[in-house]
Amino acid sequence: MQKEQQINQVGDLASRWATSRVRTIPDFPKKGIQFRDITTLLADAKGFRKAVDELVQPYVGVSIDKVAGIEARGFILGGAIAHQLACGFIPIRKPGKLPYRTIGESYQLEYGEDRLEMHEDAVRSGDLVLLTDDLIATGGTAEAAIKLIRQAGGTVVAACFAIDLPDLGGAQKIRDMGVEVMTLCAFAGD
């Protein structure tokens, strides 16, 4: 149980620290949205290092074969996490961005549908995968990524994010899929 608690939360001090380094931009990309911008966290050398260290720490000693990062900020965190865990990295992208044969998974947006793809050979049957992105909101993108990894025969060990918007229910949606969720900090609202 202690390991599960450790994976689900980084602690109050780390959470306050991460929250203080995220910039909020009101009314972006549309009126009423509070955009949580991690570029300020990434621009701070010590902040970026600490964020990666906090996201990696629960998985040190866990046998992870690949880290999958969701386009585009998930690439930044995912590449650094994969390096620290000494494992491979899988880019999960929007359609038409990958040069080799792909498999894909569609998901619903507030207005319409989108799709994620990865190379068909990115995950081998039995691979243990850690999924990452900058933020979990409604969970649609992460849900599609998990389905895509599972479709390829991989097992998603956990999903980690810098930011959780718990009022939108995405982290719980991912937990309901049987995947542990770890975040650095949370912001109320959307």
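Since the model is a prediction, treat every value here as computed from it, not as a measurement. (Residues numbered from 1 in each chain as written. Predicted model: local features only at pLDDT ≥ 70, side-chain atom pairs only at ≥ 80, totals over all residues. Heavy atoms only, no water.)

Attention now moves to the packing of aromatic side chains. Tallying each qualifying case throughout the model produces two aromatic pairs. With 5.2 Å between their ring centres and 90 degrees between their planes, Phe28 and Phe35 make a pair best called edge-to-face. Note on Phe75 and Phe89: the rings are 6.0 Å apart at their centroids and 85 degrees apart in plane angle, and the pair reads as edge-to-face. With Phe75 in helix α5 (residues 73–85) and Phe89 in strand β4 (residues 88–92), this residue pair connects regions lying 14 residues apart in the sequence. Over the face of the ring belonging to Trp17 we find Lys50, whose NZ or CZ atom lies 5.3 Å from the ring centre. (Phe/Tyr/Trp six-rings, centres within 6.5 Å; stacked < 30°, edge-to-face > 60°. Helix = DSSP H or I, 4+ residues; strand = E, 2+ residues; numbered from the N terminus. Lys NZ or Arg CZ within 6 Å of the ring centre and 35° of its normal.)

Now for the nonpolar core. One finds Tyr59, Ile81, Leu85, Leu130 and Ile163 to be the most contacted residues of the largest nonpolar core, which totals 29 residues. Of all the secondary structure elements, the ones that give two or more residues to this core are α2 (12–20), α3 (39–43), α4 (45–56), α5, β8 (155–164) and β9 (180–186). Of all hydrophobic cores here, the second largest spans 28 residues; its members include Ile103, Met118, Leu131 and Leu148. (Core = buried A, V, L, I, M, F, W, Y, C linked by side-chain atoms within 4.5 Å. Buried < 20%, exposed > 50% of the residue type's maximum accessible area, 1.4 Å probe, protein only.)

Our focus in this paragraph is the sheet that holds β9. Strand order in the open sheet formed by five strands is β4-β3-β7-β8-β9, with parallel pairing between adjacent strands. Unpaired on one side and paired on the other, β4 and β9 mark the two borders of the sheet. This sheet shows a mean twist of 20 degrees between the axes of neighbouring strands, independent of strand direction. Here strand β3 (residues 66–70) pairs with strand β7 (residues 128–136) via four bridges, running parallel. The partner of Gly69 across the bridge, within β7, is Thr132. Seen against the sheet, helix α6 (residues 140–151) touches β3, β4, β7 and β8 and runs at an angle of roughly 165 degrees to β7. (Pairing = 2+ DSSP bridges. Axes fitted to C-alpha atoms, helices over the stretch in contact; angles between N-to-C directions. Contact = heavy atoms within 4.5 Å.)

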